[in-house]
Amino acid sequence: MVRFNNFQKYIDEHMTEQITVGKSGASVYGLDHIHIAKHIRRNLMQSGADWDSYRRESQFYSSYTSEKFPFLPRVYHCHQTDEEIQLIMEKYCLVDRYNLDDVVLEKVFDVLAQIHNMPIPEFIPKMDAGALGKSYSNVLSILDCRYYT
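Described below are features of the structure shown in this document. As a convention, each chain's residues are numbered from 1 in the sequence order in which they are written. This being a predicted model, a pLDDT of at least 70 is required before a residue's local features are given, and a value of 80 or more before pairs of side-chain atoms are given or counted; all residues contribute to the totals for chains, interfaces and linings. Think of the side-chain values as coming from all heavy atoms in the structure, minus any hydrogens and water.

## Description of helix α2 (residues 48–63)
Here's step 1: Per the convention used, a helix needs a DSSP run of H or I reaching at least four residues, while a strand needs a run of E reaching at least two, with both numbered from the N terminus. To estimate the expected span of a helix, count its residues, drop one, and scale the result by 1.5 Å. With 16 residues, α2 extends 22 Å between its outermost C-alpha atoms, agreeing within 8% with the 22 Å of an ideal straight helix rising 1.5 Å per residue.
Here's step 2: Accessibility here uses a 1.4 Å probe with only protein chains present; expressed as a share of the type maximum, an area under 20% marks a residue as buried, one over 50% as exposed, and anything in between as partly exposed. Every buried residue belonging to α2 is among Trp51, Tyr54, Glu57, Ser58 and Tyr61, and all of these are buried. Within α2, the buried residues cover an arc of 120 degrees as seen down the axis, which keeps them to one side.
Here's step 3: Polar contact criterion, stated in full: a pair of N or O atoms within 3.5 Å, where within protein one must be able to donate a hydrogen and the other to accept it, and residues adjacent in sequence count only if both atoms are side-chain atoms. Residue serine 47 occupies the N-cap position of α2, its side-chain oxygen lying 3.3 Å from the main-chain nitrogen of alanine 49. Taken from the helix axis, the directions to the C-beta atoms give the arc we talk about.

Okay, here's the thing in structure tokens:
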């Protein structure tokens, strides 16, 4: 991973598109048409849950690399403090859910199987509560039953 001395200057010099300034408060940019930059400032987050989500994403990409898990995008820069997260990674292609075919679905399922076999990240708290013990009717009451009856 590369450490950038001036993250904002790098974004300014390489930005080809501003992808979003979403409701969460994160700034996401396309860089040189091949990278994604995420700049998250805690004081701009709409909620603590948004900040926690980006913090976990940063921890995830710090823990796992594309060299060991080739289905992950390559991360070039990942820096986190108590107030800010900086992330530069390889731009990844979204799956067009309206044009799925058997080949794409097979690739998706292969990646899901690889993710399922990944070790649990160290930053996720260990909680072994066992099976939830929910009855079928209890599960249906939790779900929106309009779609299942």
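## Some thoughts on the pattern of salt bridges
Proximity of charged atoms lets side chains of opposite charge pair with each other.
Here's step 1: What makes a salt bridge here is a side-chain nitrogen of Lys or Arg within 4 Å of a carboxyl oxygen of Asp or Glu, nothing more. Summed over all chains, the structure comprises four salt bridges.
Here's step 2: Among the salt bridges present, the one from glutamate 13 reaches lysine 9, with a minimum N-O distance of 3.8 Å. Of this pair, glutamate 13 and lysine 9 both sit in helix α1 (residues 7–14), separated by four residues, roughly a single helical turn.
Here's step 3: Residue classification places glutamate 13 among the exposed positions, given a relative accessible area of 52%.
Here's step 4: Its salt-bridge partner being arginine 55, residue aspartate 52 comes within 3.5 Å of it at the nearest N-O pair. Of the two residues, aspartate 52 and arginine 55 both sit in helix α2, three residues apart, roughly one turn of that helix.
Here's step 5: Given a relative accessible area of 27%, arginine 55 falls into the partly exposed group.

## Describing unusual backbone geometry
Here's step 1: Positive phi outside glycine occurs at aspartate 32, with the angle close to 50 degrees.
Here's step 2: If you trace the backbone, aspartate 32 turns up in the loop between β2 (27–31) and β3 (35–41).
Here's step 3: Unusually for a residue other than glycine, histidine 33 sits at a positive phi of about 65 degrees.
Here's step 4: Residue position: histidine 33 is located in the loop between β2 and β3.

## Topic: the pairing of β3
Here's step 1: Counted residue by residue, β3 has six buried out of seven residues, so it is predominantly covered.
Here's step 2: In this description, strands pair whenever DSSP reports at least two bridges between them. In terms of strand pairing, β2 meets β3 through five bridges, oriented antiparallel. The partner of glycine 30 across the bridge, within β3, is isoleucine 36.
Here's step 3: In sequence, β2 turns back onto β3 through a hairpin of three residues, with aspartate 32 there showing a positive phi of about 50 degrees.
Here's step 4: Relative to strand β5 (residues 84–90), β3 runs antiparallel, the two sharing seven bridges.

## Brief notes about the pairing of β5
Here's step 1: In terms of residue burial, β5 counts as a mostly covered element, since five of its seven residues are buried.
Here's step 2: Bridge count for strand β4 (residues 75–80) against β5 is five bridges, and the pairing is antiparallel. Within β5, the residue paired with histidine 79 across the bridge is glutamine 86.

## A short note on the packing of aromatic side chains
Here's step 1: Pairs were defined over the aromatic rings of Phe, Tyr and Trp, the Trp ring being its six-membered one, requiring ring centres within 6.5 Å. Orientation was assigned from the angle between planes: stacked under 30 degrees, edge-to-face over 60, tilted for the rest. In this structure the tally under the stated criterion is four aromatic pairs.
Here's step 2: Here tyrosine 64 and phenylalanine 69 contribute two aromatic rings whose centre-to-centre distance is 5.3 Å and whose plane-to-plane angle is 80 degrees, an arrangement assigned as edge-to-face.
Here's step 3: In textbook terms, an aromatic cluster arises when at least three aromatic residues are bridged by ring pairs, as seen for Phe60, Tyr61, Tyr64, Phe69 and Phe71.

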